[in-house]
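So the chains spell out like this:
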Amino acid sequence: MIRVQQADFDMNQEYQALISDDCSSGAVVMFVGRVRDVNQGHQIDELYLEHYPEMTNKYLSQLEQQARALWPLENVSIIHRVGPLQLEDKIVLVGVSSVHREAAFEAAQYLMDLLKTNAPFWKKEVIEGGHNRWVEANHKDTIAAAQWA
Amino acid sequence: MIRVQQADFDMNQEYQALISDDCSSGAVVMFVGRVRDVNQGHQIDELYLEHYPEMTNKYLSQLEQQARALWPLENVSIIHRVGPLQLEDKIVLVGVSSVHREAAFEAAQYLMDLLKTNAPFWKKEVIEGGHNRWVEANHKDTIAAAQWA
Amino acid sequence: MNKILFFAQLRERLECDELDLDVAGLSVGELRQQLAQKNERWQKWLLGKDVLVAVNQTLVAADSRIGAGDEVAMFPPVTGG
Amino acid sequence: MNKILFFAQLRERLECDELDLDVAGLSVGELRQQLAQKNERWQKWLLGKDVLVAVNQTLVAADSRIGAGDEVAMFPPVTGG
């Protein structure tokens, strides 16, 4: 299940979605990425998430299929928020259920690593003094994604 | 935060606990282990979790400290249920928040791998025909735990 | 005709979010060169190494050819998640 | 005096959940040998390799010595999580 939305999401609902239609998955992993107060040395007041709508859905669906080809997964959820976000807001959820916890953990990491370097989202921060600043891509993320190639 | 309890737990509440007192952790990982319908070739009707109360709390607290020595973590939650459990019930939660997603993922896996082989819990299954069967320890779990040594 | 889209910093720096041009037959690298001739600012930002290009919503390399009707998008390295 | 606890399958097979005995000075391995002399069933289940021993709630090896007042627990490999 892929969703790109402005609204927040609820952890109970998303947990239920991950275990629906399925009694056999013993392991559920949920990852949440949040708006941090300090990023790349700047104090953050607010965040704006821009994206390329036609491509985000297409890419994230492909990514889910890639993960399913690598691990035995039951349900997969990827939710990414867009638009204005406040400090401590959730930005992204990656959730995976599987019979095996190793598969659930690895697939969730894989999905996050690839999403970070390939999904067309861009963060713009409002920092001290009301200035805007586009977040710079993180070299560490490129390395994390490359390990799966 | 370590809890051993018979009651279920709520994913929203546990998510909030993981991000409390802290604006700086951008990454939250939650793992849930559940009662599966089939285990080691047997159809499960019910599960009973026995434990050694004085040791579970002591061991899980030590385990949290070990994880904190290995990764920069903000909040750590380990909740393990005991007593009678039904099909699809949650059994265990391991939750970790950190500034870095790599640390959060790795620490959650570490906590689960060590809990599986060292925390004094035992599962007894009620299987087809109302028979009781103690779950056998899984060699795969021993290997998973050994990788951290 | 092709739709050419720009996102994020690149959109702001070029002061342009969308162009309609017929660029079928060009490679992605050739398209960047052609667009860069518009003015000094376009040259500066379009020829930098930090420009990713997607054709029909899929990331492609510089030698990839653009077909009739393809949607082309140019943007900086992504920072979601 | 020492408290000796048994859990899970081991508790059921020995039909015993707790003993009060003074075993200070013995090693954990010696204690298992001593308890196994009770009867054939105890011998069978206590001397198997699938018995873990904790002293004061910490897993220990067979040569570990038991002190006065220590709590000793014996149980099968754990299966939580």
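See the structure shown above.
Overview of the structure. Bear in mind that the values here come from a model prediction, so they are computed numbers and not experimental data.

Parameters at a glance
Residues numbered from 1 in each chain as written. Chains lettered and ligands numbered in written order. Predicted model: local features only at pLDDT ≥ 70, side-chain atom pairs only at ≥ 80, totals over all residues. Heavy atoms only, no water. Axes fitted to C-alpha atoms, helices over the stretch in contact; angles between N-to-C directions. Helix = DSSP H or I, 4+ residues; strand = E, 2+ residues; numbered from the N terminus. Parallel < 35°, antiparallel > 145°, perpendicular 65-115°, else oblique. Left-handed = near helix turned anticlockwise from the far one by under 90°. Contact = heavy atoms within 4.5 Å. Buried < 20%, exposed > 50% of the residue type's maximum accessible area, 1.4 Å probe, protein only. Arc of directions from axis to C-beta. Buried area = accessible area lost by both parts, 1.4 Å probe. Salt bridge = Lys/Arg side-chain N within 4 Å of Asp/Glu carboxyl O. Polar contact = N/O pair within 3.5 Å; in protein donor to acceptor, adjacent residues only side chain to side chain. Phe/Tyr/Trp six-rings, centres within 6.5 Å; stacked < 30°, edge-to-face > 60°. Lys NZ or Arg CZ within 6 Å of the ring centre and 35° of its normal. Pairing = 2+ DSSP bridges. Expected span 1.5 Å × (residues − 1).

1. A few points about the packing of helix α2 (residues 53–70) of chain A against helix α3 (residues 101–118) of chain A
Residues and elements named next belong to chain A.
Turning to step 1, where the next piece is worked out: It is at 10 Å that the axes of α2 and α3 come closest, and there the two elements cross at 150°. The orientation of α2 relative to α3 falls into the category roughly antiparallel. Considering the relative orientation of α2 and α3, their crossing is right-handed. Of the residues in α3, those in contact with Met55, Tyr59, Leu60, Leu63, Glu64, Gln66, Ala67 and Leu70 of α2 are Tyr110, Leu111, Leu114, Leu115 and Asn118.

2. Here's the deal with helix α2 (residues 28–36) of chain D
Residues and elements named next belong to chain D.
Turning to step 1, where the next piece is worked out: The complete set of buried residues in α2 reads Val28, Leu31, Arg32, Leu35 and Ala36. All buried residues of α2 project into a common sector of 130° when viewed along the axis, lining one side.
Turning to step 2, where the next piece is worked out: Where α2 is buried, its residues contact β1 (2–6), β2 (18–21), α3 (40–46), β3 (52–55) and β5 (71–75).

3. Some thoughts on the interface of chain C and chain A
Turning to step 1, where the next piece is worked out: With 20 residues of chain C at the contact, the number on the chain A side is 25 residues.
Turning to step 2, where the next piece is worked out: Surface buried jointly by chain C and chain A totals about 1900 Å² across both partners, of which 58% is contributed by carbon and sulfur atoms.
Turning to step 3, where the next piece is worked out: By the criterion of area lost to chain A, the three top residues of chain C are Val78, Thr79 and Gly81 of chain C, representing 35% of everything that side buries.
Turning to step 4, where the next piece is worked out: At the surface where chain C touches chain A, the tally comes to 2 salt bridges.
Turning to step 5, where the next piece is worked out: The partner of Lys124 of chain A in a salt bridge is Glu12 of chain C, with the nearest N and O atoms 2.3 Å apart.
Turning to step 6, where the next piece is worked out: Summed over the shared surface of chain C and chain A, the result is 12 residue pairs in polar contact (both at pLDDT 80 or more).
Turning to step 7, where the next piece is worked out: Elements with a minimum of two residues in the side of chain C that touches chain A: α1 (8–14), β4 (58–59) and β5 (71–75) of chain C.
Turning to step 8, where the next piece is worked out: Tallying contributions element by element places α1 of chain C first for the side of chain C that touches chain A, with 4 residues.

4. Thoughts on the packing of aromatic side chains
Turning to step 1, where the next piece is worked out: One pass over the full model with this rule turns up 20 aromatic pairs over all chains.
Turning to step 2, where the next piece is worked out: Seen in terms of ring centroids, Tyr52 of chain A and Phe75 of chain C are 6.3 Å apart; in terms of plane orientation they differ by 65°. Their pairing is edge-to-face. Placement of Tyr52 of chain A in the loop between β4 (42–51) and α2 and of Phe75 of chain C in strand β5 is noted, with the two residues assigned to different chains. With respect to burial, Tyr52 of chain A and Phe75 of chain C carry one shared label: buried.
Turning to step 3, where the next piece is worked out: Ring plane angle 15° and centroid distance 5.2 Å describe the contact between Phe105 of chain A and Phe31 of chain B, whose orientation is recorded as stacked. A residue pair is termed interchain when its members come from two chains, as with Phe105 of chain A in helix α3 and Phe31 of chain B in strand β2 (residues 27–34).
Turning to step 4, where the next piece is worked out: In this structure Phe105 of chain A comes out as buried when scored by relative accessible area, which is 1%.
Turning to step 5, where the next piece is worked out: One aromatic cluster is present, formed by Tyr52 and Trp122 of chain A together with Phe7 and Phe75 of chain C through successive ring pairs.
Turning to step 6, where the next piece is worked out: Its end group placed over the ring of Trp45 of chain D, Arg13 of chain D keeps NZ or CZ at 3.8 Å from the ring centre.

5. Some details on the pairing of strand β2 (residues 27–34) of chain A
Turning to step 1, where the next piece is worked out: Judged by how many residues are buried, β2 of chain A sits mostly within the fold: 8 of 8 residues are covered.
Turning to step 2, where the next piece is worked out: Along β2 of chain A, one buried face is formed by Ala27, Val29, Phe31 and Gly33 of chain A and the opposite face, lined by Val28, Met30, Val32 and Arg34 of chain A, is buried too.
Turning to step 3, where the next piece is worked out: As judged from the 8 bridges shared by β2 of chain A and strand β7 (residues 90–98) of chain A, these two strands associate in the antiparallel manner. Bridge pairing in β7 of chain A places Val32 of chain A opposite Leu93 of chain A.
Turning to step 4, where the next piece is worked out: With 7 bridges joining them, β2 of chain A and β2 of chain B adopt antiparallel strand pairing.

6. Focus: the sheet that holds β4 of chain C
Residue and element names in this part refer to chain C.
Turning to step 1, where the next piece is worked out: One open sheet accounts for 5 strands, arranged β2-β1-β5-β3-β4; its pairing is mixed. With one partner strand each, in any of the chains shown, β2 (18–21) and β4 form the two edges of the open sheet.
Turning to step 2, where the next piece is worked out: In this structure, strand β1 (residues 2–6) lies alongside β2, joined through 4 bridges in antiparallel fashion. Within β2, the residue paired with Ile4 across the bridge is Leu19.
Turning to step 3, where the next piece is worked out: Relative to the sheet, helix α2 (residues 28–36) contacts β1, β2, β3 (52–55) and β5, its axis offset from that of β5 by approximately 65°.

7. Considerations on the arrangement of the chains
Turning to step 1, where the next piece is worked out: Most contacts, among the 3 pairs of chains that meet, fall between chains A and B.
Turning to step 2, where the next piece is worked out: Kept free of each other, chain B and chain C leave a smallest C-alpha distance of 10 Å between them.
Turning to step 3, where the next piece is worked out: One thing to see here is that chain C and chain D don't touch, and their nearest C-alpha atoms sit 29 Å from each other.

8. Details of the pattern of salt bridges
Turning to step 1, where the next piece is worked out: Tallying each qualifying case throughout the model produces 30 salt bridges over all chains.
Turning to step 2, where the next piece is worked out: The residue Glu15 of chain C makes a salt bridge to Arg41 of chain C at a minimum N-O spacing of 3.1 Å. One end of the pair, Glu15 of chain C, is in the loop between α1 and β2; the other, Arg41 of chain C, is in helix α3 (residues 40–46), and 26 residues separate them in sequence.
Turning to step 3, where the next piece is worked out: Bridged by salt links that share partners, the residues Arg101 and Glu102 of chain A together with Asp113 and Asp141 of chain B form one connected network.

9. Things to note about helix α3 (residues 101–118) of chain B
Turning to step 1, where the next piece is worked out: End to end, α3 of chain B covers 26 Å across 18 residues, agreeing with the expected 26 Å (1.5 Å per residue, within 8%).
Turning to step 2, where the next piece is worked out: Among the 18 residues that make up α3 of chain B, 16 are buried, leaving the element largely enclosed by the rest of the structure.

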